[in-house]
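Structural description and commentary
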Amino acid sequence: MTGPTIAVAIAVTLKAPNLVLFASLIPGYYANQLGGPVGVFFSIIVAVEIGKIISGETPIDIVLTPMVVIIVGMIVGYYIGRPVGVIMTSLGKLIMKATELKPIFMGIVVSVIVGMALTLPISSAALCMMLSLSGLAAGAAIAGCCAQMVGFAVISYKENKMRGLLGQGLGTSMLQISNIIRNWRIWIPPTLAAAITGPIATTIFKMGNSPMGAGMGTSGLVGIIETLRTMQITTVSVIGVLLCYIILPAVLSYVFYKILYNKNLIKDGDMKLQD
């Protein structure tokens, strides 16, 4: 149901007429099979916008509009979804290759890649489960995810207040993707934080996790709960969770943010979330 759900959410956001909205379910499902959420994102935007143009313009609207939305969405899904699928597979191979590195280098690479995947409109959780990521690699992955979520929640607090703190810290840093497109520099602080917390998690605390929790970060606290379940609740695991997944991401991201802010590379309003 992931593809159809994303399709409906996009169609509603774009204020699509009912016929367009209902028809988007089919290409949403199809595009998700080929390219995951990213494939759905592109195919549904194009299909819905074209559907809105022709909706209500012909006497056979009830037939023509859904047909056009479905056909356009599936065509875009095919040509966008397949390359996205290849990219995801290549990304998975890169992560698996990184797991063969020494813990400190593996921690940096896996933390940064999976963390960035979480912020992008692709599923870091699905990626980790697809790769059956576990052990230290999973610990590095969740460190990167937490760095993105906690980092963005903290550095954008001035603009988004408590709503943004909870939405990003317990929801997803993907909320910042449109702002990243406008000013990619806002992505630097949490990504650098991930490059630091990843190796700390793998070398000092030897943090572990399961494929289910590795790509979740602090979303609903699932990743943290899964860490404690996998490692069991000990002094080391609790301190590791607090430092690697919450405190350090917050502090490091804010330090890097202030450096860029003082250099005028990040400005007020750059991370403001849409209402």
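Our structure's up above, just so we're on the same page.
Attention in this report is confined to the structure presented alongside it. All values derive from a computational prediction rather than experimental measurement. (Residues numbered from 1 in each chain as written. Predicted model: local features only at pLDDT ≥ 70, side-chain atom pairs only at ≥ 80, totals over all residues. Heavy atoms only, no water.)

**Here's the deal with the side chain of Asn209**
Of note, Asn209 is situated in the loop between helix 10 (188–203) and helix 11 (211–214). From its side chain, Asn209 meets the backbone oxygen of Gly223 in a polar contact 3.2 Å long. When neighbours within four sequence positions are excluded, Asn209 is seen to be in contact with Ser134, Gly135, Ala138, Gly139, Ile142, Ala214, Gly223, Glu226, Thr227 and Thr230. (Helix = DSSP H or I, 4+ residues; strand = E, 2+ residues; numbered from the N terminus. Polar contact = N/O pair within 3.5 Å; in protein donor to acceptor, adjacent residues only side chain to side chain. Contact = heavy atoms within 4.5 Å.)

**Here's the deal with the environment of Pro27**
Mapped onto the elements, Pro27 comes out in helix 3 (residues 25–54). You can call Pro27 buried: its relative accessible area is 0%. (Buried < 20%, exposed > 50% of the residue type's maximum accessible area, 1.4 Å probe, protein only.)

**Here's the deal with the pattern of salt bridges**
Considering all chains together, one arrives at three salt bridges under this definition. Note that Asp268 is salt-bridged to Lys158, the shortest N-O span being 2.9 Å. Within this pair, whereas Asp268 is found in the segment after helix 13 (235–262), its partner Lys158 is found in helix 8 (residues 157–169), the two being separated by 110 residues in sequence. A salt bridge links Glu226 to Arg229, with the nearest nitrogen and oxygen atoms 2.7 Å apart. Of the two residues, Glu226 and Arg229 both sit in helix 12 (residues 222–231), three residues apart, roughly one turn of that helix. Judged by relative accessible area, which is 7%, Glu226 ranks as buried. (Salt bridge = Lys/Arg side-chain N within 4 Å of Asp/Glu carboxyl O.)

**So, the state of the cysteines**
Enumeration over the complete set of coordinates arrives at zero disulfides. In this structure Cys145 is not part of a disulfide, and its nearest cysteine sulfur, from Cys128, lies 6.0 Å away. Free cysteine Cys244: the closest other cysteine sulfur is in Cys146, separated by 9.4 Å. (Disulfide = S-S within 2.5 Å.)

**Examining helix 8**
Here helix 8 is 13 residues long, yet its end C-alpha atoms lie only 11 Å apart, well below the 18 Å a rise of 1.5 Å per residue gives. Maximal helix bending in helix 8 amounts to about 75 degrees, located at Arg163. All buried positions along helix 8 are accounted for by Glu159, Asn160, Gly164, Gln168 and Gly169. Considering only its buried residues, helix 8 is in contact with helix 7 (135–155). (Expected span 1.5 Å × (residues − 1). Bend = angle between axes of the 7 residues up to and from the residue.)

**Points about the nonpolar core**
Counting 23 residues, the largest nonpolar core has Ile95, Val110, Val114, Leu127, Cys128, Leu133 and Ala141 as its most contacted members. Those elements that provide at least two residues to this core are helix 4 (61–98), helix 5 (103–119), helix 6 (124–130) and helix 7. Apart from the residues lying within four places of it in its own chain, the contact partners of Ala141 are Val110, Val114, Cys128, Leu133 and Ala214. Ranked by size, the runner-up nonpolar core spans 16 residues in total, among them Ala7, Ala11, Val20 and Ala31. (Core = buried A, V, L, I, M, F, W, Y, C linked by side-chain atoms within 4.5 Å.)

**Digging into unusual backbone geometry**
Of note, Lys161 is a non-glycine position whose phi angle comes to about 55 degrees, a positive value. Note that Lys161 resides in helix 8. Owing to a relative accessible area of 46%, Lys161 belongs among the partly exposed residues under this scheme.

**Some thoughts on the environment of Ile233**
Relative to the assigned elements, Ile233 resides in the loop between helix 12 and helix 13. As for Ile233 and Gly73, which are separated by 160 residues in sequence, their C-alpha atoms are 48 Å apart. Residues within four places of Ile233 in sequence aside, it is in contact with Leu228 and Val238.

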